[in-house]
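Examining the three-dimensional arrangement
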Amino acid sequence: TMTTKMEIYSLEVGDTIVYRGEFYAYIETLYRSDGQVDVICSDEEGYRRSISAPDDMHCLSIVCDADHMENA
């Protein structure tokens, strides 16, 4: 599986995030009052998870798919 780094602000619903060796489907980004963000996603069993990041410019690993490669 190929992965690439992508800024949080560029993520689209359904993108597959790879975080600490696990796969998650991106749902949305929540902006906190302290400037940090929480990336809301679901794991393979459908449970919601939150990944905290310093801001939406932070990069996460995602699984490359044909659509992203066409637009790169």
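My aim in this report is to walk through the structure given alongside it, one point at a time.

Looking at the overall build of the protein chain
The secondary structure content of the protein chain amounts to 1 helix and 6 strands. Going from N to C terminus, the protein chain has its helices and strands arranged as β-β-β-β-β-β-α. Counting across all 72 residues of the protein chain, residues that qualify as buried make up 32%. At a minimum sequence separation of 6, the contacts of the protein chain that also span at least 24 residues come to 40%. Summed over all atoms, the accessible surface of the protein chain reaches about 4800 Å², with 47% contributed by carbon and sulfur.

Concerning the environment of Ile-51
Its location among the elements puts Ile-51 in strand β5 (residues 48-53). Owing to a relative accessible area of 3%, Ile-51 belongs among the buried residues under this scheme. Along the chain, Ile-51 and Thr-29 lie 22 residues apart, while their C-alpha atoms are 9.4 Å from each other.

Thoughts on the side chain of Asp-15
For Asp-15, the position within the fold is in the loop between β1 (3-7) and β2 (16-19). Lys-5 provides the closest opposite charge to the buried, unpaired Asp-15, separated from it by 14 Å. Among the polar contacts made by the side chain of Asp-15, one reaches the main-chain amide nitrogen of Glu-12 at a distance of 2.8 Å.

Some words on the pattern of salt bridges
Scanning the entire structure with this criterion turns up 3 salt bridges. Between Asp-43 and Arg-49 there is a salt bridge, with its nearest N and O atoms 3.2 Å apart. Judged by relative accessible area, which is 39%, Arg-49 ranks as partly exposed. Sharing partners across several salt bridges, the network here consists of Arg-32, Asp-34 and Asp-38.

As for the side chain of Ser-42
Mapping Ser-42 onto the fold places it in strand β4 (residues 37-42). Every residue in contact with Ser-42, bar those within four places of it in the chain, is listed here: Phe-23, Tyr-24, Ala-25, Ile-27, Tyr-47 and Arg-48.

Parameters and conventions
Residues numbered from 1 in each chain as written. Predicted model: local features only at pLDDT ≥ 70, side-chain atom pairs only at ≥ 80, totals over all residues. Heavy atoms only, no water. Helix = DSSP H or I, 4+ residues; strand = E, 2+ residues; numbered from the N terminus. Buried < 20%, exposed > 50% of the residue type's maximum accessible area, 1.4 Å probe, protein only. Contact = heavy atoms within 4.5 Å. Areas by Shrake-Rupley, 256 points an atom, 1.4 Å probe, with all protein chains shown as cover. Lys, Arg positive; Asp, Glu negative; His and termini not counted. Salt bridge = Lys/Arg side-chain N within 4 Å of Asp/Glu carboxyl O. Polar contact = N/O pair within 3.5 Å; in protein donor to acceptor, adjacent residues only side chain to side chain.

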